Amino acid sequence: MEFKKVAVLGAGTMGLGIAQVMAQSGYDVVLYEIDKAIADKAVVKIGKLAARNIEKGKAPEGSDKIILSRIKTTANLQDVADCDLVIEAIIENMEIKKKVYQQLDVTCKPETILASNSSSLSLTEIAAATARPQQVVGMHFFNPAQVMQLVEVIPALQTSEEVVQAIMELCVKTGKKPIRVKEGPGFVVNRILIPGMNEAAFILQEGLATVEDIDTAMKLGANWPMGPFALCDLVGADVTLAICDTLYNETGDPKYRASSVLKNQVRAGYLGKKTGRGFYNYNA
Ligand code: 3HC
């Protein structure tokens with residue numbers, strides 16, 4: 001199985017990062033978004049990040065232009081038809097995902113592998129929505145995808161071993177460290193990390209310490225690179241809450257119930273960096 005052309009579906013934070021990783025590693029990338037202007041904006045950002053790598057001496061002169069030349073943007077799903085691999089990083093909504101996979105199934109060539117960056121939804125259910133369930137697999141990156149080394153590779157119940165191995169090898173080729181994880185809500189990282197962030201919100205709710213002090217506690221007391229609230233702002237309160245809800249709904253275990261503080265952040269639209277305000281204010 002050889003990958004040359006890769007489609008990335010969704011030009012949000014994760015899609016942008018994944019597209020950059022793939023283009024940097026020499027793959028031709030089709031970046032799909034419903035609104036092409038959003039994909040074009042993402043490519044401008046990729047250009048800036050790639051240029052910064054040159055300034056820092058981490059990438060050779062001219063590499064930004066080479067990376068950009070490998071990325072094409074589109075709002076037409078037909079343009080991903082000849083891709084060898086599609087990495088889907090769209091909204092975490094099962095019904096929407098299923099519709100997109102059904103469209104991909106009829107659009108893409110028969111050998112195309114469909115990988116999902118879903119952070120907690122069932123790959124088995126996504127795979128079952130297609131006529132090629134053996135070619136559907138989880139490929140879970142971490143934010144910021146350009147920096148974080150891990151990729152969780154999650155076979156659906158139907159995924160062929162050949163596909164799992166091909167994706168594991170691809171991860172290594174792009175400089176990532178893949179780990180194989182059986183399907184389960186939150187996989188490994190989010191199963192541990194998200195309840196930790198939710199617990200921080202409960203600590204805030206109980207008035208035990210401030211946002212800043214809880215972040216300082218985890219940075220200086222546990223060596224987290226950033227505190228749980230700063231991390232929630234990076235990941236997005238909506239994404240964090242959605243994962244919390246999946247953990248809770250899939251297991252029925254009350255230990256995963258979301259804190260009111262987290263729910264209210266989402267209700268208020270204080271989602272984090274992407275909206276300019278979360279637990280911290282980014283517009284100041
Ligand atoms: N995009 C691209 N590159 C970025 C970036 C971004 N958004 N943010 C930081 N970087 C790069 C910087 O350019 C810098 O690169 P350099 O080493 O080449 O100079 C490098 O990352 C380090 O950045 P900084 O020096 O500015 O800051 P830090 O040393 O504090 O690192 C961080 C920033 C890498 C984000 C670090 O704070 C960190 O690791 N935080 C934790 C992130 C984390 O836990 N992610 C997982 C979230 S869970 C998830 O994604 C799963 C999902 O399903 C919810």
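Bear in mind that the values here come from a model prediction, so they are computed numbers and not experimental data.

**Description of the packing of helix 7 (residues 189–205) against helix 9 (residues 228–235)**
The axes of two packed helices give the description: the angle between them and the distance between them.
Thinking step 1. Look at helix 7 against helix 9: their axes get within 9 Å of each other, and the N-to-C directions meet at 120 degrees. Classified by the angle their axes make, helix 7 and helix 9 are oblique. Once helix 7 is placed against helix 9, the crossing between them reads as left-handed. On the side of helix 7, the interface is formed by Leu193, Met197, Ala200, Ala201 and Leu204, while helix 9 contributes Pro228, Phe229, Leu231 and Cys232.

**Remarks on the site of the ligand**
Thinking step 1. Near the ligand there are 18 residues, and of these Lys56, Lys58, Ser119, His140 and Asn143 occur at the shortest range.
Thinking step 2. Contact distances for the ligand include 2.9 Å between an oxygen atom and a side-chain N or O atom of lysine 58.
Thinking step 3. Note that an oxygen atom of the ligand is positioned 3.1 Å from one of the side-chain N or O atoms of asparagine 190.
Thinking step 4. Contact with the protein chains hides 64% of the accessible area of the ligand, taken as 1,000 Å² for the molecule alone.
Thinking step 5. For the shell around the ligand, the secondary structure elements donating two or more residues are helix 7 and helix 9.
Thinking step 6. Residues that form the shell around the ligand fall into these classes: eleven nonpolar, five polar and two charged.

**A word on the state of the cysteines**
Thinking step 1. Under the criterion given, the structure shown has zero disulfides.
Thinking step 2. Of all cysteine sulfurs, the one in cysteine 83 lies closest to cysteine 108, which takes part in no disulfide; the gap is 7.1 Å.
Thinking step 3. Looking at cysteine 171, it has no disulfide partner, and the nearest cysteine sulfur is the one in cysteine 83, 17 Å off.

**Some details on the layout of surface pockets**
Thinking step 1. The volume enclosed by the second largest pocket comes to roughly 150 Å³.
Thinking step 2. For the second largest pocket, the full set of lining residues is Met1, Glu2, Phe3, Tyr27, Glu162, Gln165, Ala166, Glu169, Leu170 and Lys173.
Thinking step 3. Of the residues assigned to the lining of the second largest pocket, the class counts are five nonpolar, one polar and four charged.

**Some details on the environment of leucine 121**
Thinking step 1. Along the chain, leucine 121 falls in the loop between strand 5 (113–116) and helix 5 (123–128).
Thinking step 2. Overall, leucine 121 belongs to the buried group, its relative accessible area being 15%.
Thinking step 3. For the pair formed by leucine 121 and tyrosine 270, sequence separation is 149 residues and the distance between their alpha carbons is 24 Å.
Thinking step 4. Not counting chain neighbours up to four residues away, the residues in contact with leucine 121 comprise Glu92, Asn93, Met94, Lys97, Phe187 and Thr246.

What counts, and where the lines are drawn
Residue numbers restart at each chain and count upward from 1, following the sequence in its written direction. Local features in a predicted model are, by the rule used here, given only for residues with pLDDT of at least 70; side-chain atom pairs are given and counted only at 80 or more, and totals for whole chains, interfaces and linings are based on all residues. Note: side-chain values were computed over all heavy atoms of the structure, leaving out hydrogens and water. Between N-to-C directions, angles cover 0 to 180 degrees, with each direction set by a line fitted to C-alpha atoms, over the stretch in contact for helices. In this description a helix means any DSSP run of H or I spanning at least four residues, a strand means any run of E spanning at least two, and both kinds are numbered starting from the N terminus. Oblique is the label for any angle not covered by the other classes, which are roughly parallel (under 35 degrees), roughly antiparallel (over 145) and roughly perpendicular (65 to 115). Crossing handedness: left-handed means the near helix sits turned counterclockwise from the far one by under a right angle, and right-handed means the same turn made clockwise. In this description, contact between two residues means that some pair of their heavy atoms is separated by no more than 4.5 Å. Near residues are defined by distance, with any heavy atom within 4 Å of the molecule or strand qualifying the residue. By the criterion applied in these results, polar contacts are pairs of N or O atoms within 3.5 Å in which, for protein atoms, one can donate a hydrogen and the other can accept it, and in which residues neighboring in sequence qualify only through two side-chain atoms. Computed by Shrake-Rupley with a 1.4 Å probe, the accessible areas treat only the displayed protein chains as cover when residues are assessed. Residues are grouped as follows: Ala, Val, Leu, Ile, Met, Phe, Trp, Tyr, Cys and Pro are nonpolar; Asp, Glu, Lys and Arg are charged; every other residue, Gly included, is polar. Throughout, a disulfide means two cysteine sulfur atoms within 2.5 Å of one another. As defined here, a cavity is a set of points on a 1 Å grid over the protein atoms alone where a 1.4 Å probe fits but cannot get out. A pocket is an open set with protein on both sides within 12 Å along at least five of seven lines, and residues line them when an atom is within 4 Å of a point. Grid points are joined across faces, edges and corners, and a volume is the space filled by probe spheres set on the points. Each residue gets one of three labels from its accessible area relative to the maximum for its type: buried under 20%, exposed over 50%, partly exposed in between, using a 1.4 Å probe on protein chains only.

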